[in-house]
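As a plain string of letters, each chain reads:
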Amino acid sequence: MKVKNIQTSVIIIFMAFLFLCACEKQQPDATDQIYVGVASYNQSDTFISQMVSCLKEELEELENDGFSVSVTIRDAAGSQRTQDDQVEELIDAGCNVLCVNLVDRSNPSEIIDMARENNVPVIFFNREPVAGDMMQWDRLYYVGANAWQSGMIQGQLAAEAIKENPRIDRNKDGKIQYVILEGEPGHQDAIIRTENAVDTLKNYGIQLEKLSCGIANWNRAQAQNRMSQMISQFQHNIELVLANNDDMALGAIDAYQKSNFTESALPVFFGIDGTDVGLAAVADGTLSATVYNDKEGQAKAMAELAAALVSGKGLDKIEFKKEKYIYLPYTRVTADNVGEYMGDVK
Ligand code: GAL
Ligand code: CA
């Protein structure tokens, strides 16, 4: 009798185990079919358009790891309303993971609500939501880079150039007269880059005199305009131009080229990003140096994270900061090493 009871219990436990295993398999999240919706804030932004093509490539590479991948890309062209609608469409179309480059980094609530209702995890990138919003749900992640580090490296590059080349202080007053071209107000990469670049220059013992600061929203044409105004105001007195990104540094160079300044009357220019055009300008010497914003590394990290979130495998192998953040390091690019960043090398 006792033996029979034991046998019955064993059979019941075994069946319960089989049932549990079957349920496990039916978890809707565990799949190797990755449907990624990518929402970008503005594809006319040089760095973002390069970053998104990199991301597409990295996501498609997942096919080599046995996943079936489909990528849909949407451009909000600068409107958060448009982006909210696009994200809704991406979710309706069956995307099981989203990569979102917010238009308004302080306003992700609508996207977070839609994603949570449909249990679609979100990887925000490049435009970092505020910490409070990132806490709204445990399937929200961020991949990007530390703004302070890019500012610090830009400051170091400028300080080294100034120390190596005394002619940068053209009026020989022992101070460097400088102007700043800033990205969008409210963007983590604008004010933090500026502050850290200037603080680092000061820490290196460089005496500075700020002549002006203009907002040019990451944009080359706007930077050219702002720089032209500064040139008419300060004439030959500007010795250093610090730009929050390469496109604005190039816009400043455009303004000088239009003003027909002789080479010896030009300031030195520093950017951030290492876009194709930025690297080419470092190579030809018009841009003194830039700071590489590692789009390849960020895109790879996003692809790995997307695969882990959809397949339910490998999430434990990813190293996060505060459980949901991944930051890739910035690196310095000068005439000496720019070749390593150009072409297929990077
Ligand atoms: C920054 C980048 C800028 C611009 C901006 C857009 O990280 O340096 O060039 O692309 O992101 O959010
Ligand atoms: Ca000077």
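Residue numbers restart at each chain and count upward from 1, following the sequence in its written direction. In the order they appear in the text, chains get letters beginning with A and ligands get numbers beginning with 1. Given that the model is predicted, a residue must reach a pLDDT of at least 70 before its local features are reported, and side-chain atom pairs must reach 80 or more before they are shown or counted; all residues, however, enter totals for whole chains, interfaces and linings. Excluding hydrogens and water, the side-chain figures rest on all heavy atoms present in the structure.

What about the site of ligand 1?
What makes a residue near a molecule or strand is one non-hydrogen atom of that residue sitting within 4 Å of it. Near ligand 1, the surroundings consist of 13 residues, among which Asp-45, Asn-126, His-187, Asp-189 and Asp-273 are the closest. The term polar contact refers here to a pair of N or O atoms within 3.5 Å; inside protein, the definition further demands a hydrogen-donor-capable atom paired with an acceptor-capable atom, and it admits residues adjacent in sequence only when both atoms are side-chain atoms. Between ligand 1 and the protein, one listed contact pairs an oxygen atom with a side-chain N or O atom of Asp-45 at 2.8 Å. Arg-127 places a side-chain nitrogen or oxygen 2.9 Å from an oxygen atom of ligand 1. Where accessible areas are quoted, they stem from the Shrake-Rupley method and a 1.4 Å probe; at the residue level, only the protein chains shown are allowed to cover. Protein contacts shield 99% of the accessible area of ligand 1, which totals 310 Å² for the unbound molecule. Of all the elements in the fold, those that place two or more residues in the shell around ligand 1 are helix 2 (46-61) and helix 7 (188-203). Going along the chain from the N terminus, every DSSP run of H or I of four or more residues is numbered as a helix, and every run of E of two or more is numbered as a strand.

Examining the sheet that holds strand 4 (residues 122-125)
The parallel open sheet is built from 6 strands, whose spatial order is 2-1-3-4-5-11. This sheet does not close on itself; its edge strands, each paired only once, are strand 2 (68-75) and strand 11 (325-327). Mean inter-strand twist for the sheet, computed between neighbouring axes without regard to direction, equals 15°. Any two strands between which DSSP finds at least two bridges are classified as paired. Where strand 3 (residues 97-100) meets strand 4, 3 bridges bridge the pair, whose relative direction is parallel. Among the inter-strand pairings, Val-100 is bridged to a residue of strand 4, identified as Phe-124. Axis definition: a line fit to C-alpha positions, over the contact stretch in the case of helices; interaxial angles, taken between N-to-C directions, run 0 to 180 degrees.

Overview of the side chain of Gln-83
As for its placement among the helices and strands, Gln-83 is situated in helix 3 (residues 80-92). With relative accessibility at 0%, the residue Gln-83 sits in the buried group. Any two residues whose heavy atoms approach within 4.5 Å at even a single point are treated as in contact. Ignoring any residue separated from it by four or fewer positions in sequence, one finds Gln-83 in contact with Ala-39, Ser-40, Tyr-41, Ala-76, Val-100, Asn-101, Leu-102, Val-103 and Ile-111. Here the term buried applies to any residue with accessible area under 20% of the maximum for its type, exposed to any over 50%, and partly exposed to those in between, with areas from a 1.4 Å probe on protein chains only.

Overview of the sheet that holds strand 6 (residues 176-182)
Read across the sheet, 4 strands follow the order 7-6-8-9 without closing on themselves; strand pairing throughout is parallel. A strand with exactly one partner marks an edge of an open sheet, and here the two such strands are strand 7 (208-215) and strand 9 (268-270). The average angle at which neighbouring strand axes cross in this sheet is 20°, direction not considered. Across 4 bridges, strand 6 lies against strand 8 (residues 240-243) in parallel orientation. From the neighbouring strand, Val-179 faces strand 8, where its bridge partner is Val-241. Relative to strand 9, helix 9 (residues 246-258) is tilted by about 155°, and along the sheet it contacts strand 6, strand 8 and strand 9.

Digging into unusual backbone geometry
In the Ramachandran plot, Trp-218 falls in the positive-phi region, its phi being about 70° despite a non-glycine side chain. Here Trp-218 lies in the loop between strand 7 and helix 8 (220-234). Positive phi is not limited to glycine here, since Asn-260 has a value of about 55°. Within the fold, Asn-260 resides in the loop between helix 9 and strand 9. The exposure class of Asn-260 is exposed, given its relative accessible area of 66%.

A look at the pairing of strand 4
By the alternation rule, side chains of strand 4 split into Val-122 and Phe-124 and Ile-123 and Phe-125, which are all buried. The handedness rule is simple: strands pointing away from the viewer, and a clockwise path from the first strand over the helix to the second, make the crossover right-handed. With respect to chirality, the unit in which strand 3 leads through helix 4 (residues 109-117) into the neighbouring parallel strand 4 is right-handed. Here 4 bridges tie strand 4 to strand 5 (residues 140-144), and the two strands are oriented parallel to one another. Bridged to Ile-123 within strand 5 is Tyr-141.

As for the packing of aromatic side chains
Working definition: a ring pair exists when centres of Phe, Tyr or Trp rings (six-membered ring for Trp) sit within 6.5 Å. Plane angles under 30 degrees give stacked, over 60 give edge-to-face, the rest tilted. Counting across every chain of the model gives 7 aromatic pairs. Ring geometry for Tyr-292 against Tyr-341: centres 4.8 Å apart, planes inclined by 45°, an arrangement best described as tilted. Residue Tyr-292 is located in strand 10 (residues 290-292), and its partner Tyr-341 is located in helix 12 (residues 338-341); the two are separated by 49 residues in the primary sequence. Under the relative-accessibility criterion, Tyr-341 is labelled buried at 10%. On the numbers, 5.9 Å between centres and 10° between planes, the contact of Tyr-325 with Tyr-327 is stacked. Residue class for Tyr-325 comes out buried when judged on its relative accessible area of 8%. Whether a charge sits over a ring depends on NZ of Lys or CZ of Arg being within 6 Å of the ring centre and within 35 degrees of the ring normal. One cation-aromatic arrangement involves Arg-127 over Tyr-41; the distance from NZ or CZ to the ring centre is 3.7 Å.

Regarding the environment of Ala-281
Looking at the element boundaries, Ala-281 is found in helix 10 (residues 276-283). When neighbours within four sequence positions are excluded, Ala-281 is seen to be in contact with Leu-250, Thr-286 and Leu-287.

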